[in-house]
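Observations on chain architecture
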Amino acid sequence: QVQLVESGGGSVQAGGSLRLSCAASGYTDCSYAMSWYRQAPGKEREFVSSISSAGTTRSYADSVKGRFTISRDNDRKKVYLQMNSLKPEDTAMYYCKTVPTPGSRCVGYWGQGTQVTVSS
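Notes on the structure in this doc start here. The model shown is predicted, which means the values in this text are computed figures rather than measured ones. (Residues numbered from 1 in each chain as written. Predicted model: local features only at pLDDT ≥ 70, side-chain atom pairs only at ≥ 80, totals over all residues. Heavy atoms only, no water.)

1. Structural notes on the sheet that holds strand S6 (residues 58–60)
- As summarised here, the arrangement of the six strands in space is S2-S10-S9-S4-S5-S6, forming an open sheet in which the pairing is mixed. Two strands bound the open sheet, and with one partner strand each, they are strand S2 (10–13) and S6. Averaged over all pairs of adjacent strands, the angle between their axes in this sheet comes to 25°, without regard to strand direction.
- As paired strands, strand S4 (residues 32–39) and strand S9 (residues 92–100) are joined by eight bridges and run antiparallel to one another. Note on S9: the bridge partner recorded for Tyr-32 is Pro-100. (Pairing = 2+ DSSP bridges. Helix = DSSP H or I, 4+ residues; strand = E, 2+ residues; numbered from the N terminus. Axes fitted to C-alpha atoms, helices over the stretch in contact; angles between N-to-C directions.)

Here you go:
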C-alpha cells in the first residue's frame, strides 16, 4: 500500500502564502503522477493541480493559475503546493492524491487532508 500525509496547512490572511507538503510512504511498483484536490464545506471535491511522474508536466485549475505552483522532489516521494496570493475562496481541506498511469491497473490513493483557511 501507499500512504500519503499532507502537512503545511494553517490560517493565513488574504494575500498571504502557504506551502503544502505531501509525503508518501509504502511500497508500490506503480508509477504515479500526483495531484492536489480541495473541498470546502458543503461543496464537492475539486481538482487544483497535478504533476507528471517525471515532474516535467504540470496542470492547474483556472482558479489557481498564476498563484499556485506544484512541484516534486528527486526521489518522487514528496509533492509540494506553493500557494501565493491566497484568497478567501481558497479556504478548504486540501488533499494529495496519486494518479495512476492511464491504462494501468494501479489504484489511486488519497491522503487525509490538511486545512487551509484564508481570512479577509
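2. Focus on the packing of aromatic side chains
- This model, assessed by the stated rule, comprises three aromatic pairs.
- Note on Tyr-37 and Phe-47: the rings are 5.7 Å apart at their centroids and 80° apart in plane angle, and the pair reads as edge-to-face. Here Tyr-37, found in strand S4, pairs with Phe-47, found in strand S5 (residues 46–51); they are ten residues apart in sequence, far enough to count as distant.
- Note on Tyr-37: relative accessible area 22%, which makes it partly exposed.
- For Phe-47, a relative accessible area of 30% translates into the label partly exposed.
- Here Tyr-37 and Trp-110 contribute two aromatic rings whose centre-to-centre distance is 5.2 Å and whose plane-to-plane angle is 65°, an arrangement assigned as edge-to-face. Of the two residues, Tyr-37 is situated in strand S4 and Trp-110 in the loop between S9 and strand S10 (114–119); the sequence distance between them amounts to 73 residues. (Phe/Tyr/Trp six-rings, centres within 6.5 Å; stacked < 30°, edge-to-face > 60°. Buried < 20%, exposed > 50% of the residue type's maximum accessible area, 1.4 Å probe, protein only.)

3. Here's the deal with the environment of Asp-29
- With respect to the helices and strands, Asp-29 occurs in the loop between strand S3 (18–26) and S4.
- With 77 residues separating them in the primary sequence, Asp-29 and Cys-106 have C-alpha atoms 8.8 Å apart.

4. What to know about the environment of Ser-17
- Relative to the helices and strands, Ser-17 is located in the loop between S2 and S3.
- When its relative accessible area of 39% is taken as the criterion, Ser-17 is described as partly exposed.
- Note: C-alpha distance between Ser-17 and Thr-98 (81 residues apart in sequence) is 24 Å.
- For Ser-17, the residues in contact, after removing those within four places along its chain, are Val-12, Gln-82, Met-83, Asn-84, Ser-85 and Leu-86.
- Among the polar contacts listed, one links the side chain of Ser-17 to the side chain of Asn-84, at a separation of 2.9 Å. (Contact = heavy atoms within 4.5 Å. Polar contact = N/O pair within 3.5 Å; in protein donor to acceptor, adjacent residues only side chain to side chain.)

These values are about where atoms sit, not about what they do.
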